[in-house]
Amino acid sequence: MTPPLTRRLTTAQALVDFLAAQYTERDGSRHRLIDATWGIFGHGNVAGIGQALLETGAAMPYFQGRNEQAMVHAAVGYARQSGRLSAHAVTTSIGPGATNLVTGAALATINHLPVLLLPGDTFATRPADPVLQQLEVPSDGGISVNDCLRPVSRYFDRINRPEALIPAALRAMRVLTDPAETGAVTLALPQDVQAEAYDWPAGFFAERVWHVRRPAPDPHELDRAVRAVRAARRPLVVAGGGVRHSAAEEALAAFATATRIPVASTQAGKGSLRHDHPADVGGIGHTGTATADALARTADLVIGIGTRYSDFTTASATLFANPDVRFLNLNITGFDAHKLGALPLVADARASLEALTAALAGSDDHRTDTAYEDKYTDTAYEDEYTDAKARWERRVDAAYATPDPDARPTQTQVLGLLDELVTDDDILINAAGSLPGDLHKLWRTRSPGQYHVEYGYSCMGYEIPAAIGVQLAARGRPVWALVGDGTYLMNPTEIVTAVQENLPVKLVVLQNHGYASIGGLSESVGGERFGTAYRHRSADGGFTGPPLPVDLAANAASLGMRVLRAHTVRELREALAAARAEDRPTCVYVETETADTVSGPPPAQAWWDVPVAETATRPSAVSAREEYERHVTDRRPHL
């Protein structure tokens, strides 16, 4: 029997059926592209996408979220853990449901992580105008609040007619699977169009496999890269998130082993090498190690691999101080490859590293000078960074040490106790506060996927929903969400989802009664910790009274988590071990020591530009401005 040439479905039904038939393939491995859909339903999508998901059933798994921003964070966590080869969709109603997506969309796009956003929209046919939650723009009737998603999306389209879905859906899949362009993709869906029926061509629902390419380096760019590496006497690799996105960790290890060039890492790139690889020198930049930052100041060639060189990485353009420094950037995007006046190698990170390693060890016609060969016999540079790394490890040990098991733990001691407990399987998630800096300096990463710190957008509230997404992609592995009290209060709602799905995420809540990270920053720039403590208002109008009687542990328990309270180092060690063994969502709650007499992490090893008031009457701000002007003179352009 001849199959039907068309299928009569609503636009929403057609979209869900289309998504269920999309796959990715890379290196011979095939994955479902849109593996599930998150949704909160309202009048803008309940009768459209909601009804379509109900009708489709198991063909498109559905997760019930509690906050639209959090649903995007969960989808991003899933995409990152899945190597960008599988993603989730997120559907919302119109109005606040749609605008709540914006922060999550920005985070996804900045980090080059795929997520498909399906916000409901106002009526395309405008039978009643305005409708509930519609923002009217008198100068343009075609604008809705969904247009807020345009600047934070890699692709945006509004489906005002059913047939417009066909090209838009195909374009959306292309962007989601493009390793250079991927990020948030938005298809705005007017609520009447979602429910409208259309005769769809059967070919629209055919199974499609989207090949995720690995562009090889251009021979001319590769030759220039080889010459640059051979000429360098003090080269340094800066490994960014592109190493992980390309699954280039083994290629990087092979390159580092062959060349003995030290490897520093950005927040997104940390874990590209195991902490105990001889070439690994830890994090770089404002939150980096003394080892990596000292090497960066004297490097004559910086080899950036999959990094976009944020100000934290470059110490606000003060870190790479050698007047003769040059940059060689291996990046799949030409935009990032050309930064800092670099020699570009525009290609996939793994393909670039493999080609560069082979060319450096290749035939005689590539060996135009002996500088590269000399590095195999002159070990002074290698001895220098090896000794410096050993000294830094002793500083890590000191920060982790717990001499008094009955004392209240510091934040770094919490990390030390986790360091004792975890294996290669464990995954740590963090995004904001003072923890990213401590983790970047101190954490000993054991496996490529263990270190999951979102620092492209550094979004408070990311950790808990991201842990859910990661756990969905890494079932059976221990997943830890590390949060301070400020971050917890931003977005605890998805605890309910973890309980509903019985996902055994481990939540570690560190209570320090305020925004500790910004408090420290405020003090350093003359802000005197204004507005950063969670305390009662005092008689003088400030917030210097007793700590607020907020019980975050009780809150987590009320949302369905098992909660383990720890008051001392000894109790915390026991609680963390118990949480790791649990097969249900579990929270470890600890109040951390913040007294100045307790040793904490090493201070920042490089500057970060946060402008200080140029005129002020308070002595703290005047002093901070003087210090700021001293640092500004170290900033230099790299052209």
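For clarity, every value in this text was computed on a predicted model and none was experimentally measured.

Undergrad: Mind showing me how you'd approach the overall build of the chain here?
TA: On a plain count of helices and strands, the chain comes out with 25 helices and 23 strands. Relative to a compact globule of 639 residues, whose C-alpha radius of gyration would be 26 Å, the chain shows 26 Å and is just as compact. For the chain, the C-alpha atoms occupy an extent of roughly 75 × 75 × 55 Å along the three principal directions. When each of the 639 residues of the chain is scored for burial, the buried share is 56%. Considering only contacts within the chain whose residues lie at least 6 apart along the sequence, 76% involve residues at least 24 apart. When the accessible surface of the chain is totalled, it reaches about 25300 Å², and 53% of it is carbon and sulfur. For the chain, the distance from the average position of its 59 positive side-chain charges to the average position of its 75 negative side-chain charges is 1 Å.

Undergrad: What am I meant to see in the nonpolar core here?
TA: Considering soluble globular proteins, one finds that nonpolar side chains tend to be buried as a cluster. One finds Val-90, Leu-117, Tyr-488 and Leu-507 to be the most contacted residues of the largest nonpolar core, which totals 51 residues. Not counting residues within four places of it along the chain, the set of residues in contact with Leu-117 comprises Val-72, Val-90, Leu-101, Ala-105, Leu-149, Ala-184, Val-185, Thr-186 and Leu-187. Core analysis: the second largest hydrophobic core is formed by 50 residues, Ala-232, Leu-301, Leu-356 and Tyr-385 among them.

Undergrad: Explanation requested: the side chain of Thr-109 in the structure shown.
TA: Turning to its location among the elements, Thr-109 is positioned in helix α5 (residues 102-110). Judged by relative accessible area, Thr-109 falls into the buried class, the value being 15%. When neighbours within four sequence positions are excluded, Thr-109 is seen to be in contact with Val-152, Ser-153, Arg-154, Gly-183 and Ala-184.

Undergrad: Which parts of the structure should I look at to understand the packing of helix α17 (residues 411-421) against helix α18 (residues 435-442)?
TA: Think of two packed helices as two axes; the pair is described by the angle between the axes and how far apart they sit. Closest axis-to-axis distance for the α17/α18 pair is 11 Å, and the angle between their directions is 50°. Taken together, the axes of α17 and α18 are oblique relative to one another. Taken as a pair, α17 and α18 cross one another with a handedness that is right-handed. Listed contacts from α18 to Gln-411, Thr-412 and Leu-415 of α17 are Leu-435, Asp-438, Leu-439 and Leu-442. Its residues placed into classes, the contact of α17 with α18 shows four nonpolar, two polar and one charged.

Undergrad: Whenever I open this one, the packing of aromatic side chains confuses me. Can you help?
TA: Each aromatic ring pair is described using two quantities: the centre-to-centre distance and the angle formed by the ring planes. Within the structure shown, the criterion is met by 13 aromatic pairs. Here the aromatic rings of Phe-41 and Tyr-62 are separated by 5.5 Å at their centres, their planes lie at 25°, and the arrangement is stacked. Pair noted here: Phe-41 is in the loop between β4 (34-39) and α2 (46-56) and Tyr-62 is in strand β5 (residues 62-64), with a separation of 21 residues, a long-range link. Owing to a relative accessible area of 30%, Tyr-62 belongs among the partly exposed residues under this scheme. Ring centres of Tyr-198 and Trp-200 lie 4.9 Å apart, and the angle between their planes is 75°; this geometry places the pair in the edge-to-face category.

Undergrad: Any chance you could explain the environment of Tyr-515 here in plain terms?
TA: By the secondary structure assignment, Tyr-515 is in the loop between β21 (506-511) and α22 (516-524). In this structure Tyr-515 comes out as partly exposed when scored by relative accessible area, which is 30%. Expressed as a C-alpha distance, the spacing of Tyr-515 and Tyr-534, which sit 19 residues apart in the sequence, is 7.8 Å. With sequence-adjacent residues up to four places away left out, Tyr-515 is seen in contact with Met-460, Gly-486, Gly-531, Thr-532 and Tyr-534.

Undergrad: What is the right way to look at unusual backbone geometry in this model?
TA: Trans peptide bonds make up most of the peptide bonds, and negative phi angles are found at most residues other than glycine. Going from Asp-129 to Pro-130, the amide bond is cis rather than trans, its omega being 10°. With respect to the helices and strands, Pro-130 occurs in the loop between β7 (115-121) and β8 (155-158). Positive phi values are uncommon outside glycine, yet Tyr-309 reaches one of about 55°. Tracing the backbone through its elements, the reader meets Tyr-309 in the loop between β15 (301-305) and α12 (311-314). For Ala-315, which is not glycine, the phi dihedral falls at a positive 50°. Its place among the elements puts Ala-315 in the loop between α12 and β16 (326-331). For Ala-315, a relative accessible area of 0% gives the class buried.

Undergrad: Looking at this structure, I do not really get the side chain of Asp-419. What am I missing?
TA: Among the secondary structure elements, Asp-419 is positioned in helix α17. Among the polar contacts made by the side chain of Asp-419, one reaches the side chain of Arg-446 at a distance of 2.8 Å.

Undergrad: Looking at this structure, how should I read the sheet that holds strand β2 (residues 22-26)?
TA: Strands pair in a sheet through their backbones, by hydrogen bonds, and they do so in one of two ways: parallel or antiparallel. One open sheet accounts for three strands, arranged β3-β2-β11; its pairing is mixed. Strand pairing shows two members of the sheet lacking a second neighbour, β3 (29-32) and β11 (208-211), which therefore form its edges. Here the average twist between neighbouring strands, direction ignored, is 30°. Looking at chain direction, β2 and β11 are connected through four bridges and run parallel. Looking across to β11, one finds that Thr-24 is bridged to Trp-210.

Undergrad: Just checking my understanding: could you explain the sheet that holds strand β14 (residues 280-283) for this structure?
TA: Within the open sheet, the six strands sit side by side as β14-β13-β12-β15-β16-β17. Their pairing is parallel. Of all the strands in the sheet, just β14 and β17 (343-346) have a single pairing partner and so form its edges. Each neighbouring strand pair of the sheet contributes to a mean axis angle of 20°, computed without reference to strand direction. Here strand β13 (residues 263-265) runs beside β14; their pairing, made up of three bridges, is parallel. Note that in β14 the partner of Ser-265 across the bridge is Gly-283.

Undergrad: How should I be thinking about the environment of Ala-169 in this particular structure?
TA: Considering the arrangement of structural elements, one finds Ala-169 in helix α6 (residues 165-176). The spacing of Ala-169 and Leu-510 is 341 residues in sequence and 43 Å in space, taken between C-alpha atoms. In contact with Ala-169, other than residues within four places in its own chain, are Phe-18, Leu-187 and Phe-204.

Reading the values: rules and limits
- Residues numbered from 1 in each chain as written.
- Predicted model: local features only at pLDDT ≥ 70, side-chain atom pairs only at ≥ 80, totals over all residues.
- Heavy atoms only, no water.
- Helix = DSSP H or I, 4+ residues; strand = E, 2+ residues; numbered from the N terminus.
- Rg over C-alpha atoms; globule rule 2.2 N^0.38 Å.
- Buried < 20%, exposed > 50% of the residue type's maximum accessible area, 1.4 Å probe, protein only.
- Contact = heavy atoms within 4.5 Å.
- Areas by Shrake-Rupley, 256 points an atom, 1.4 Å probe, with all protein chains shown as cover.
- Lys, Arg positive; Asp, Glu negative; His and termini not counted.
- Charge placed at Lys NZ, Arg CZ, Asp CG, Glu CD.
- Core = buried A, V, L, I, M, F, W, Y, C linked by side-chain atoms within 4.5 Å.
- Axes fitted to C-alpha atoms, helices over the stretch in contact; angles between N-to-C directions.
- Parallel < 35°, antiparallel > 145°, perpendicular 65-115°, else oblique.
- Left-handed = near helix turned anticlockwise from the far one by under 90°.
- Nonpolar A, V, L, I, M, F, W, Y, C, P; charged D, E, K, R; others polar.
- Phe/Tyr/Trp six-rings, centres within 6.5 Å; stacked < 30°, edge-to-face > 60°.
- Polar contact = N/O pair within 3.5 Å; in protein donor to acceptor, adjacent residues only side chain to side chain.
- Pairing = 2+ DSSP bridges.

Keep in mind these values describe shape, not function.
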